[in-house]
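Breakdown of the fold
As a plain string of letters, each chain reads:
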Amino acid sequence: MKIIMQRKLLFVLAFAGLFASANAQVSVTPEVGIGANMRTNLVDNKWKPTVKVGAAVEFPVSRVFSFQTGLYYMQKGFSDITPAYSNASARWMENVTVKRHLLQVPIMAKLTWQVGEKTSLFWAGGMYIGGCVGTSTTRSRMFAWYDSENGDWTEIVAGTGYVDGTNRTNEDIFKERYTYDKNFDWGVSSNVGVEVNKVVMKAGYDLSLGKESELDNISANYHTLSLSVGYKFNIGK
C-alpha cells in the first residue's frame, strides 16, 4: 500500500510540474482553516472539531479554468462506546477516542468568475489522495457496577472483561475496531469561495472513501466541512 501511495504522489508531482512549465502565472496560496468532521457507521455519530492547514498550488489554463493541487494537514477523529464487558469484580463499557493526523494532496479542476477589478468568485471540485502519519487513541472505563468490598481492584481497574455470553474480551474488540492498519486515504473534495485583492476565503467539503481497517468498506466513512482563509502569491514569469 505504501508503494502504491508513493507512486500516486509522484504522479501528482509530475502532473504539477508539467503545468508549472507550461504556464506563466502559477500561484501558491498558504491557507489556515477550522472545521468539523463526522465518522459514519457509529452508534453515536457526532461532529468533531478539526483543523486544516496547508497550501494550494494553481496552474491556470485560461482566465476561467485552471488545475489545482497542493498539500494539506488535517485531523480526523471520533469517539465511540463499546459493548458491555464484565468479570468477577466489575461490569463496564469503554469510551474510546481516536484522533488521526493526515496529509492530503488534492487533484481538482477550478472555475473562476471575475466580478470586479480585484474580486472573483470560484468553485473547485475533484478528488484527493493522502495518508495517515499518526494515530492517537485513548480509552476510559464507564462502570455499571463494581465490587468495592470483595472485588479485585486489579480486575476492576485494568482487568480483562468479556462480552456477555462469549469468550471475546475487551482487548479483542479494541484491536478489531480501533487499531487501524490502513494508512492510505482517498476521497472527493470541493470548495467554493471568494478572492478579494489576493485574500482568499473559502468553504470546503471532503468525503473520505478510504478504508481505515479490514472492517471498513469503500464508502462514505468521513464527512468534513471547513472554513479557511489564505493569501495568494503569484510565481513564475
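Computed from a predicted structure; not experimentally measured.

Secondary structure summary: the protein contains 3 helices and 11 strands in total. Listed N to C, the secondary structure of the protein is α-β-β-β-β-β-β-α-β-α-β-β-β-β in terms of helices and strands. By the burial criterion, 39% of the 237 residues in the protein qualify as buried. Taking contacts inside the protein between residues at least 6 apart in sequence as the whole, the part at least 24 apart equals 67%. Just so you have it, the protein exposes about 12,900 Å², and 62% of that area is on carbon and sulfur atoms.

Our focus in this paragraph is the packing of aromatic side chains. Tallied over the full model, the rule gives 7 aromatic pairs. Ring centres 5.4 Å apart and planes at 70° place the aromatic pair F143 and Y146 in the edge-to-face group. The class of F143 is partly exposed, set by a relative accessible area of 35%. The class of Y146 is partly exposed, set by a relative accessible area of 42%. Geometry around Y72 places K52 over its ring, the cationic atom sitting 5.1 Å from the centre. Stacked on the ring of F174, the Lys or Arg R139 has its end atom at 4.1 Å from the ring centre.

Both strand β1 (residues 26-39) and strand β2 (residues 48-60) contribute to a ladder of 11 bridges, which runs antiparallel. When the sheet's bridge partners are listed, E31 is paired in β2 with G54. Bridging between β2 and strand β3 (residues 65-81) involves 9 bridges; their strand directions are antiparallel. Residue pairing for β3: E58 is matched across the bridge by Q68. Between the antiparallel neighbours β2 and β3 lie 4 residues.

Turning our eyes to something else, we now look at the confidence of the model for the protein. Considering every residue of the protein, the mean pLDDT works out to 87; 88% of them sit at 70 or more. In the model, residues 19-23 has pLDDT below 50 throughout and makes 8 contacts with residues more than four positions away in sequence or in other chains.

With respect to the helices, strands and loops of the structure, S66 is situated in strand β3. In terms of polar contacts, S66 uses its side chain to reach the side chain of E58, at 3.0 Å. Once residues within four sequence positions are removed from consideration, S66 is found in contact with E58, F59, P60, V61, M108, A109 and K110.

Turning our attention to the side chain of T112. Among the secondary structure elements, T112 is positioned in strand β5 (residues 90-114). What T112 contacts, discounting residues up to four positions off in sequence, is R63, V64, S120, L121 and F122.

Turning to unusual backbone geometry, a few remarks are in order. With phi around 55°, N197 is a residue other than glycine that occupies positive phi space. As for its position among the elements, N197 is in the loop between β8 (184-196) and β9 (199-208). Residue classification places N197 among the partly exposed residues on the basis of a relative accessible area of 46%. Phi angles above zero are rare outside glycine, and K198 is one such case at about 75°. Take K198: it is sitting in the loop between β8 and β9. Judged by relative accessible area, K198 falls into the partly exposed class, the value being 35%.

About the criteria used
Residues numbered from 1 in each chain as written. Predicted model: local features only at pLDDT ≥ 70, side-chain atom pairs only at ≥ 80, totals over all residues. Heavy atoms only, no water. Helix = DSSP H or I, 4+ residues; strand = E, 2+ residues; numbered from the N terminus. Buried < 20%, exposed > 50% of the residue type's maximum accessible area, 1.4 Å probe, protein only. Contact = heavy atoms within 4.5 Å. Areas by Shrake-Rupley, 256 points an atom, 1.4 Å probe, with all protein chains shown as cover. Phe/Tyr/Trp six-rings, centres within 6.5 Å; stacked < 30°, edge-to-face > 60°. Lys NZ or Arg CZ within 6 Å of the ring centre and 35° of its normal. Pairing = 2+ DSSP bridges. pLDDT = per-residue confidence, 0-100. Polar contact = N/O pair within 3.5 Å; in protein donor to acceptor, adjacent residues only side chain to side chain.

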